[in-house]
Amino acid sequence: MPSTGIIYSRAFLKHDTGKDHPERGARLIAIVKALKESSLIERAELKLVKPIRLDPEKLLYVHSPALIEKVEKASVKGGYLDSDTVTSPDSFNVALLAVGGVFRAGDLVMDGKLTNAFCLIRPPGHHATRDEAMGFCLFNNAALLAAHLLKDKGLRRVLIVDWDVHHGNGTQDLFYQSREVLYFSVHQDGRTIYPGTGSFDEVGEGEGEGFNINLPLPPGVGDDVYLYALSEILPPIVEAYAPEFIVASVGFDAHRQDQLGALKLSAQGYYEIAKLVVELAHRHCSGRLVAVLEGGYNLKYIPKCAANTIAAFAGHPPPFREAATHTQPSVKSYVDGLLRRIKTVLSPYWPLKND
Ligand SMILES: [Zn+2]
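Throughout what follows, the structure given in this document is the object of discussion.

Quick notes on the rules
Residues numbered from 1 in each chain as written. Predicted model: local features only at pLDDT ≥ 70, side-chain atom pairs only at ≥ 80, totals over all residues. Heavy atoms only, no water. Helix = DSSP H or I, 4+ residues; strand = E, 2+ residues; numbered from the N terminus. Rg over C-alpha atoms; globule rule 2.2 N^0.38 Å. Buried < 20%, exposed > 50% of the residue type's maximum accessible area, 1.4 Å probe, protein only. Contact = heavy atoms within 4.5 Å. Areas by Shrake-Rupley, 256 points an atom, 1.4 Å probe, with all protein chains shown as cover. Lys, Arg positive; Asp, Glu negative; His and termini not counted. Charge placed at Lys NZ, Arg CZ, Asp CG, Glu CD. Donors = N, O, S within 2.8 Å, 3.2 Å for Na, K, Ca; no water. Tetrahedral: all angles 85-135°; square planar, octahedral: opposite > 155°, others 65-115°. Phe/Tyr/Trp six-rings, centres within 6.5 Å; stacked < 30°, edge-to-face > 60°. Lys NZ or Arg CZ within 6 Å of the ring centre and 35° of its normal. Pairing = 2+ DSSP bridges. Axes fitted to C-alpha atoms, helices over the stretch in contact; angles between N-to-C directions. Polar contact = N/O pair within 3.5 Å; in protein donor to acceptor, adjacent residues only side chain to side chain. Core = buried A, V, L, I, M, F, W, Y, C linked by side-chain atoms within 4.5 Å. Expected span 1.5 Å × (residues − 1).

**Concerning the overall build of the protein chain**
Turning to step 1, where the next piece is worked out: Secondary structure assignment for the protein chain yields 10 helices and 10 strands.
Turning to step 2, where the next piece is worked out: What you see for the protein chain is a C-alpha radius of gyration of 18 Å, in line with the 20 Å of a compact globule of 355 residues.
Turning to step 3, where the next piece is worked out: Oriented by its inertia axes, the alpha-carbon framework of the protein chain measures out at about 55 × 45 × 40 Å.
Turning to step 4, where the next piece is worked out: Every one of the 355 residues in the protein chain was classed for burial, and the buried ones make up 62%.
Turning to step 5, where the next piece is worked out: Once local pairs closer than 6 in sequence are excluded, the contacts in the protein chain between residues at least 24 apart make up 78%.
Turning to step 6, where the next piece is worked out: When the accessible surface of the protein chain is summed, it comes to about 13,500 Å², and 51% of that surface belongs to carbon and sulfur atoms.
Turning to step 7, where the next piece is worked out: Taken together, the 38 basic and 41 acidic charged side chains of the protein chain have centroids lying 5 Å from each other.

**Let's talk about the coordination of the zinc ion**
Put simply, the ideal angle at a metal is 109.5 degrees for four donors in tetrahedral geometry and 90 or 180 degrees for six donors in octahedral geometry.
Turning to step 1, where the next piece is worked out: Looking at the zinc ion, the protein donor atoms are Asp164 (OD), Asp164 (OD), His166 (ND1) and Asp253 (OD), and they sit 1.9 to 2.7 Å from it.
Turning to step 2, where the next piece is worked out: Taken together, the four donor atoms coordinating the zinc ion span angles of 53 to 152° at the metal, a pattern that classifies the geometry as irregular.
Turning to step 3, where the next piece is worked out: Sequence positions of the donors to the zinc ion reduce to the motif D-x1-H-x86-D. With His166 in the loop between β6 (158-162) and α6 (169-174) and Asp253 in the loop between β9 (245-250) and α8 (267-285), this residue pair connects regions lying 87 residues apart in the sequence.

**What about the packing of aromatic side chains?**
Turning to step 1, where the next piece is worked out: All chains considered together, the criterion is met by nine aromatic pairs.
Turning to step 2, where the next piece is worked out: Aromatic side chains Phe211 and Trp350 sit 5.5 Å apart centroid to centroid with 80° between the ring planes, which places their arrangement in the edge-to-face category. In this pair, Phe211 sits in the loop between β7 (181-188) and β8 (212-217) while Trp350 sits in the segment after α10 (329-346), placing the two residues 139 residues apart along the sequence.
Turning to step 3, where the next piece is worked out: Above the plane of the ring of Tyr61 lies Lys151, whose end atom (NZ or CZ) is 5.6 Å from the centre.
Turning to step 4, where the next piece is worked out: Here the basic side chain of Lys304 rests over the ring of Tyr301, its NZ or CZ set 5.7 Å away from the ring centre.

**Describing the sheet that holds strand β2 (residues 47-49)**
Turning to step 1, where the next piece is worked out: Here we have eight strands laid out as an open sheet, ordered β2-β1-β5-β10-β9-β6-β7-β8, and parallel in their pairing. At either margin of the open sheet sits one strand with a lone partner, and together these are β2 and β8. On average, each strand axis in the sheet is tilted by 15° relative to the strand beside it, whichever way the strands run.
Turning to step 2, where the next piece is worked out: The sheet contact formed by strand β1 (residues 4-7) and β2 spans three bridges and is parallel. Looking across to β2, one finds that Ile7 is bridged to Val49.
Turning to step 3, where the next piece is worked out: In the packing of α8 onto the sheet, contacts are made with β9 and β10 (289-293), and the angle to β9 comes to roughly 165°.

**Brief notes about unusual backbone geometry**
Turning to step 1, where the next piece is worked out: Geometrically, the link from Arg122 to Pro123 is a cis peptide bond, its omega value of 0° lying close to zero.
Turning to step 2, where the next piece is worked out: Here Pro123 is to be found in the loop between β5 (116-119) and α5 (141-151).
Turning to step 3, where the next piece is worked out: Of the consecutive residues Tyr194 and Pro195, the connecting peptide bond is found in the cis state with omega at -5°.
Turning to step 4, where the next piece is worked out: With respect to the helices, strands and loops of the structure, Pro195 is situated in the loop between β7 and β8.
Turning to step 5, where the next piece is worked out: Within the chain, Ser39 stands out as a residue other than glycine whose phi angle is a positive 50°.

**Notes on the side chain of His148**
Turning to step 1, where the next piece is worked out: Relative to the assigned elements, His148 resides in helix α5.
Turning to step 2, where the next piece is worked out: At a separation of 2.7 Å, a polar atom in the side chain of His148 contacts the side chain of Asp107.
Turning to step 3, where the next piece is worked out: When residues no more than four places from it in sequence are discounted, the contact partners of His148 are Tyr61, Phe103, Asp107 and Lys153.

**Some details on the environment of Asp82**
Turning to step 1, where the next piece is worked out: Mapping Asp82 onto the fold places it in strand β3 (residues 80-82).
Turning to step 2, where the next piece is worked out: When its relative accessible area of 23% is taken as the criterion, Asp82 is described as partly exposed.
Turning to step 3, where the next piece is worked out: Distance from Asp82 to Leu230, taken between C-alpha atoms, is 32 Å for residues 148 residues apart in sequence.
Turning to step 4, where the next piece is worked out: Polar contacts involving the side chain of Asp82 include one to the side chain of Thr85, which spans 2.7 Å.
Turning to step 5, where the next piece is worked out: At 3.4 Å, the side chain of Asp82 and the backbone nitrogen of Gly135 are in polar contact.

**Points about the nonpolar core**
Turning to step 1, where the next piece is worked out: If you look at the biggest cluster of nonpolar residues, it comprises 123 residues, and the most contacted ones within it are Phe139 and Phe184.
Turning to step 2, where the next piece is worked out: No other element matches the 13 residues that helix α4 (residues 91-110) contributes to this core.
Turning to step 3, where the next piece is worked out: The contacts of Phe139, once residues within four sequence positions are left out, are Leu59, His63, Leu67, Ile68, Val71, Phe92, Ala95, Val99, Pro124, Gly125, Ala128 and Leu144.

**So, the side chain of Lys343**
Turning to step 1, where the next piece is worked out: By the secondary structure assignment, Lys343 is in helix α10.
Turning to step 2, where the next piece is worked out: The buried category is assigned to Lys343, whose relative accessible area is 7%.
Turning to step 3, where the next piece is worked out: Not counting the four nearest positions on each side in its chain, Lys343 is found in contact with Glu232, Ile233, Leu352, Lys353 and Asn354.

**Overview of α10**
Turning to step 1, where the next piece is worked out: Given a rise of 1.5 Å per residue, 18 residues ought to cover 26 Å, and the 26 Å separating the end C-alpha atoms of α10 matches this to within 8%.
Turning to step 2, where the next piece is worked out: Listing the buried residues of α10 in full gives Val331, Val335, Gly337, Leu338, Leu339, Ile342, Lys343 and Leu346.

Right, here's the structure in full:
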């Protein structure tokens, strides 16, 4: 019987960013501990899958030779790629193992051996562009999986849904002119947070015009408004696009206690988001869904968010309860206006109507 795969290896801890860096190995240790303590691994019959190191040639699917060389060189001794993106002597190999794990998850789902999978990997990826490693990201895990599905598996429509609190500027850039990958990102408004991109009028260009969708939410949005906004925009687009596979970039930094973000989701909210996307996958692409871990930095709450997300993937109730969060009326009315403007901008491409 098909099931949910968890891709994990202790080797992911060897990408050493230093003990004070927000993106550190303790994040994965805390998540794995929560999965064990909630007994979700046994109850949901999760399949633990070991990653296999990627052939570095495959990085060329989305990255330039110059970037690959730069990351490999920085990793020889350990060095900075930008002011907050650091490497250690194992980082290049760990990054290859992470992407290799993501490819394996994609292959197992394509072969029907897994229904879906969550890749508990690091370093994260969605800020990495063709030429630059940035924002804690070395190689773009989600984009590489989408490229693998197009080039090696013959797919023609891959949806990437990104619900990290930050906009995935790297993923957007890589597929900005493509309609074979639809990039959909819901994130905190770039005027209030790194990396500054992700406005709703960035819709793609050329062949890809209309196939890049941003839903930038203002600080203070809680579960209620987040889920409302997402359900107004995402399902009609997914239905019209009819993806053959869904790749999810999942960050837990939209949680109300995250140090870097200013959105106000709860662990319950994370369960609901995952459930919505899992249902879309079942409705439109036989359940095919692979998630990759992006950000999320509060060591007390990311394990709860992750376990709840994985529970939704496996069709189980959330193991961690946390009261749903609410949004102040002024923020809510701003979002109502925002949704009207977004629907207007996207209506030439998608069946979105203002009523
Ligand atoms: Zn993030």
